[in-house]
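Structure assessment
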Amino acid sequence: MSTSLSPDPSLRTTAPGTSPLLRRVLPAVVVVALLVVAWQVYVTVSGIRPQVLPSPLRVVQQGWRARDAISGHASATLQVTLIGFAVSLLFAWALAVLVDFSPWLRRAFVPLFVVSQTLPIIAIAPLMIIWFGFGLLPKILVIALATFFPMTIGLIEGFAAADREAGALLRSMGASRWQEFRYVRLPSAIPRFFTALRIGITYAVVGAVFAEYVGATSGLGIYMATQKNSFRTDLVLAAVLVTAVISVSLYLLTFAVERVVAPWIKNERARHE
């Protein structure tokens, strides 16, 4: 008499043909939809004023009517975000590589990286505006402060987590320190880097909006501030929705870049699911 250890098909929570992406996204979509419906019902039943809490339907309607203004400000925010994040990314890679090659630099810089995260952006951003004006530079600096730490630490820890036996084998074969870095330490850091990249890109959008909120001539931050002063809560929330869409889009874009740069990460992730 033999017994089968295969799982009971009746215990499956999803249909066999359901894609992994749908299984990940569907619960979040359901929760968001329920929250939006509850929000709409509450506003309708309570009769609360739109200046205090507009309904989701009103937010979408008014946001669509103001789409030209919102899209213009969103374009400015996206431009600042990408420039600031690119600068932060460049410095993160440069410093992480230098730190990996020099234990002295690691002991000198890593504590400073940690201290940089204790600086409140809400206090630093106005100072950047005072020191550097309302141009592009203060926004780039705010974004760098918000995103530099996770990417740099992710790279440093990724380099340090490299397989020591593989590195020792390369050195025994006469490989240089740079060759060990290229063939062992760099590939091992890529998965952690992309994890840090996803964290950093969402911080970049928040940092850009906050810098614009403090002082700018264009962007979603200054648009929210203007509409708040006009008691247009619906347009403020419409701008918040656009900000969320930008953040999620950039977050998802990192997965596309990951597939091109490091396709083996997807295969490793699939084996663990």
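Residues numbered from 1 in each chain as written. Predicted model: local features only at pLDDT ≥ 70, side-chain atom pairs only at ≥ 80, totals over all residues. Heavy atoms only, no water.

Now for unusual backbone geometry. Not every positive phi belongs to a glycine, and F231 is a case in point at roughly 60 degrees. Mapped onto the fold, F231 is located in the loop between α9 (220-229) and α10 (233-261). Note on F231: relative accessible area 61%, which makes it exposed. (Helix = DSSP H or I, 4+ residues; strand = E, 2+ residues; numbered from the N terminus. Buried < 20%, exposed > 50% of the residue type's maximum accessible area, 1.4 Å probe, protein only.)

Counted by the stated rule, this structure contains five salt bridges. Here R192 makes a salt bridge to E157, at a shortest N to O gap of 3.8 Å. Note that R192 is positioned in helix α8 (residues 177-214) and E157 in helix α6 (residues 136-160), a separation of 35 residues in sequence. On the basis of relative accessibility, which here comes to 39%, the residue R192 falls in the partly exposed class. The class for E157 is partly exposed, based on a relative accessible area of 39%. As a salt-bridge pair, E258 and R198 come within 3.1 Å of each other at their nearest N and O atoms. Of this pair, E258 sits in helix α10 while R198 sits in helix α8, and the two are 60 residues apart along the sequence. Taking relative accessible area as the criterion, R198 reaches 7% and is therefore assigned buried. When salt bridges with common partners are traced through the structure, they connect R58, R232 and D234 into a single cluster. (Salt bridge = Lys/Arg side-chain N within 4 Å of Asp/Glu carboxyl O.)

The UniProt record annotates "transmembrane region" (unreviewed entry) at residues 21-42, 80-101, 108-134, 140-162, 201-223 and 235-257. The span residues 80-101 shows a helical share of 100% and a strand share of 0%, and its end C-alpha atoms are spaced 32 Å apart. For residues 140-162, the end-to-end C-alpha separation is 32 Å, with 91% helix and 0% strand making up the annotated structure. (UniProt positions renumbered as here; feature names shortened; annotations may be inferred.)

On the surface, I83, V87, L90, F91 and L136 cluster together into a nonpolar patch covering about 430 Å² of accessible area. With four residues, helix α3 (residues 67-101) is the single largest residue contributor to the nonpolar patch. By the element assignment, L136 lies in helix α6. Look at L136 and you get partly exposed, because its relative accessible area is 38%. (Patch = residues over 30% accessible without salt bridge, like charges linked within 9 Å, V, L, I, M, F, W, Y side chains within 5 Å. Areas by Shrake-Rupley, 256 points an atom, 1.4 Å probe, with all protein chains shown as cover.)

Before going further, it helps to spend a moment on helix α5 (residues 121-132). The terminal C-alpha atoms of α5, which comprises twelve residues, lie 16 Å apart, in line with the 16 Å expected from a rise of 1.5 Å per residue. Among all positions in α5, only I124, A125, M128 and I129 are buried. The arc that holds every buried residue of α5, seen down its axis, measures 145 degrees, which confines them to one face. Set apart from the buried face of α5 by more than 90 degrees, the exposed residues are I130 and W131. Looking one or two residues past α5, G133 carries a phi angle of roughly 85 degrees, positive in sign. (Expected span 1.5 Å × (residues − 1). Arc of directions from axis to C-beta.)

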